[in-house]
Amino acid sequence: MASTLMRALAILGLAVSSAFASLPTTTIYQSPAMLPFENIAVRASGELLLTSVYSPVLYSLDASSGTLTDVITIGGGATSLLGISEFSADNFAVVAAEFNATTDTEVGGTVAIWHVCLTGSTPVATNIASLPSSVIGANGLSAIFGSSTVFVADSGSGTIFTIDMSSGAVAVGVQAAALEPVGQLLGVNGLKVSESTIYFTNSAQGTFGSIDILPGATLNASSITTLGTLEDGAPSAQHLFDDLALDTEGRAWVAVHPGSISLFTPNDDQADWVQTDAIVGDTDDYDVFVVPTSCAFGRTPSDATTLYVTTDGGQVVAVDTSGV
Ligand SMILES: *[C@@H]1O[C@H](CO)[C@@H](O)[C@H](O)[C@H]1NC(C)=O
Ligand SMILES: *[C@@H]1O[C@H](CO)[C@@H](O)[C@H](O)[C@H]1NC(C)=O
């Protein structure tokens, strides 16, 4: 989630060009209503699934034609969709809530994890689990693909919840100081599972880190490790890490407000990660991205090295990463 200020700036209509991009970029979609996009998941078909904190509709974007369609509207009074991840073929888990635009938080007691099933001819959405009523900052979500386990970050309490998409059981996976917010800034935000590791960003603390996943899908709180930190100034409402994507080489691409992507490359033993800030975009401007919120790689042969970046300014920007 980004701040209201960022959204206001975006709505003022800041110019968007790729003139300063260090990697080639193409804006493949711009929401006419400047609907802020929050998160993205890619279907095996290549379709991009998009969420917005200002809409209960799950959208699908055809990356080649730039055509946006509604997949399904999540019910139960939801006004906001956040993290989304595929837990088995064409079965997605998504965070839904009623959003309070005044406080820029979710409304306690309305936060739930829904299952969106896209395997049949008609999409079906089912409420699987409610998060505790104290939760007003459910944010990133990532699944252990091929299982019923999904992890959900609560930016407000520094907690990663574990949800069983079959039984609806909700458990605290880990709560830790390294995941907590600071003041009004969000704590643990983006999550991405890769084999037996879950990578996270903490917006308020300006950290990119990892946690080991133990057998049984439990999280080892003692294993929390910081792999990189926000540069170019301390975290603020305007400048922070948002969600991230992993590529097939094990690198992490982290969306950074106000307008860039940082690349983290592991060395052979995964101990020291090389950080490349603004691998694309600008560290202090909106020339390429009007506040990048999340990103994901394409899944078809023609776009496997394309990173799709969602923004608070209602864009989906395709980044050609084949050069790196
Ligand atoms: C949103 O927050 C404002 C300010 O705290 C409050 O007055 C209002 O009742 C909240 N709306 C909902 C739906 O909770
Ligand atoms: C959890 O992580 C710590 C630190 O890496 C490690 O010493 C410990 O053995 C791990 N626990 C388990 C059960 O793997």
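The rules behind each value
- Residues numbered from 1 in each chain as written.
- Chains lettered and ligands numbered in written order.
- Predicted model: local features only at pLDDT ≥ 70, side-chain atom pairs only at ≥ 80, totals over all residues.
- Heavy atoms only, no water.
- Pairing = 2+ DSSP bridges.
- Helix = DSSP H or I, 4+ residues; strand = E, 2+ residues; numbered from the N terminus.
- Axes fitted to C-alpha atoms, helices over the stretch in contact; angles between N-to-C directions.
- Core = buried A, V, L, I, M, F, W, Y, C linked by side-chain atoms within 4.5 Å.
- Buried < 20%, exposed > 50% of the residue type's maximum accessible area, 1.4 Å probe, protein only.
- Contact = heavy atoms within 4.5 Å.
- Near = heavy atom within 4 Å.
- Polar contact = N/O pair within 3.5 Å; in protein donor to acceptor, adjacent residues only side chain to side chain.
- Areas by Shrake-Rupley, 256 points an atom, 1.4 Å probe, with all protein chains shown as cover.
- Nonpolar A, V, L, I, M, F, W, Y, C, P; charged D, E, K, R; others polar.
- Salt bridge = Lys/Arg side-chain N within 4 Å of Asp/Glu carboxyl O.
- Lys, Arg positive; Asp, Glu negative; His and termini not counted.

A.B. asks: Any chance you could explain the sheet that holds strand S11 (residues 124-130) here in plain terms?
C.D. replies: Within a sheet, each strand pairs with its neighbour through backbone hydrogen bonds, oriented either parallel or antiparallel. Across the sheet, 4 strands lie side by side as S6-S7-S10-S11; this open sheet has antiparallel pairing. The open sheet has two free edges, formed respectively by strand S6 (80-88) and S11, since each of these has just one partner strand. For this sheet, the mean inter-axis angle between neighbouring strands, taken without regard to orientation, is 25 degrees. Sheet topology note: the strand S7 (residues 91-97)/strand S10 (residues 112-117) ladder contains 6 bridges and is antiparallel. In the strand pairing of S10, Ala96 is matched with Ala112.

A.B. asks: Quick question: what am I supposed to make of the nonpolar core here?
C.D. replies: One recurring pattern in soluble globular proteins: nonpolar side chains tend to sit buried together. Formed by 20 residues in total, the largest nonpolar core has its most connected members in Val95, Ile113, Leu131, Val150, Val152 and Ile163. Those elements that provide at least two residues to this core are S6, S7, strand S12 (138-143), strand S13 (149-154) and strand S14 (159-164). Excluding its chain neighbours within four sequence positions, the residues that come into contact with Leu131 are Val111, Ala112, Ile113, Ala138, Val152, Phe161, Ile163 and Val170.

A.B. asks: Before we go on, may I ask you to explain the site of ligand 1 in this structure?
C.D. replies: Contacts to ligand 1 come from Glu98, Asn100, Thr102, Thr103 and Val107. A distance of 2.3 Å separates an oxygen atom of ligand 1 from a polar side-chain atom of Asn100. When ligand 1 sits alone it has 360 Å² of accessible area, and the protein chains cover 38% of it. The residue inventory of the shell around ligand 1, partitioned by class, reads 1 nonpolar, 3 polar and 1 charged.

A.B. asks: Looking at this structure, I do not really get the site of ligand 2. What am I missing?
C.D. replies: By nearness alone, every residue bordering ligand 2 is listed as Leu214, Asn220, Ser222 and Ser223. Taking 360 Å² as the accessible area of ligand 2 by itself, protein coverage stands at 35%. Residue composition of the shell around ligand 2, grouped by class: 1 nonpolar, 3 polar and no charged.

A.B. asks: What's the story with the pairing of strand S16 (residues 188-194) in this structure? I'm lost.
C.D. replies: A regular strand places its side chains on the two faces of the sheet in alternate fashion. Counting buried residues along S16, 6 of its 7 residues qualify, which places the element largely inside the surrounding structure. For S16 and strand S17 (residues 197-202), the ladder comprises 5 bridges, and the chain directions are antiparallel. Note on S17: the bridge partner recorded for Lys192 is Tyr199. As consecutive antiparallel partners, S16 and S17 are separated by 2 residues, and within that stretch Glu195 has a phi angle of approximately 50 degrees, a positive value.

A.B. asks: Mind showing me how you'd approach the pattern of salt bridges here?
C.D. replies: Any two side chains of opposite charge can pair, on the condition that their charged atoms come close. Under the definition given, this model contains 5 salt bridges. Ionic pairing is found between Lys192 and Asp243, a salt bridge with its closest N-O pair at 3.3 Å. You can see Lys192 sitting in strand S16 and its partner Asp243 sitting in strand S21 (residues 241-246), a full 51 residues away along the chain. The class of Asp243 is buried, set by a relative accessible area of 2%. Of the charged contacts, one joins Arg251 and Glu249 as a salt bridge, the two residues approaching to 3.5 Å between their closest N and O atoms. We classify Arg251 as buried; its relative accessible area is 9%. In this structure Glu249 comes out as exposed when scored by relative accessible area, which is 55%. One connected set of salt bridges, linked through shared partners, spans Asp247, Glu249 and Arg251.

A.B. asks: I'm lost on the side chain of Asp303 in this one. Help?
C.D. replies: Examined against the element boundaries, Asp303 turns out to sit in the loop between strand S25 (292-297) and strand S26 (306-311). Despite its burial, Asp303 pairs with no opposite charge, the nearest such side chain being Arg299 at 8.4 Å. Of the polar contacts made by the side chain of Asp303, one reaches the side chain of Tyr308; its length is 2.7 Å. Setting aside chain neighbours within four positions, we find Asp303 in contact with Gly298 and Tyr308.

A.B. asks: When you look at the sheet that holds strand S5 (residues 67-73) in this model, what are you seeing that I'm missing?
C.D. replies: In spatial order, the strands read S2-S3-S4-S5; together these 4 strands make up an open sheet with antiparallel pairing. The sheet is open, and its two borders are formed by strand S2 (39-42) and S5, each paired with just one other strand. Mean inter-strand twist for the sheet, computed between neighbouring axes without regard to direction, equals 30 degrees. Two elements, strand S3 (residues 48-52) and strand S4 (residues 55-62), share 4 bridges in a ladder whose sense is antiparallel. Bridge pairing in S4 places Leu48 opposite Leu61.

Interpretation note: all reported values are geometric properties and have no functional meaning in isolation.
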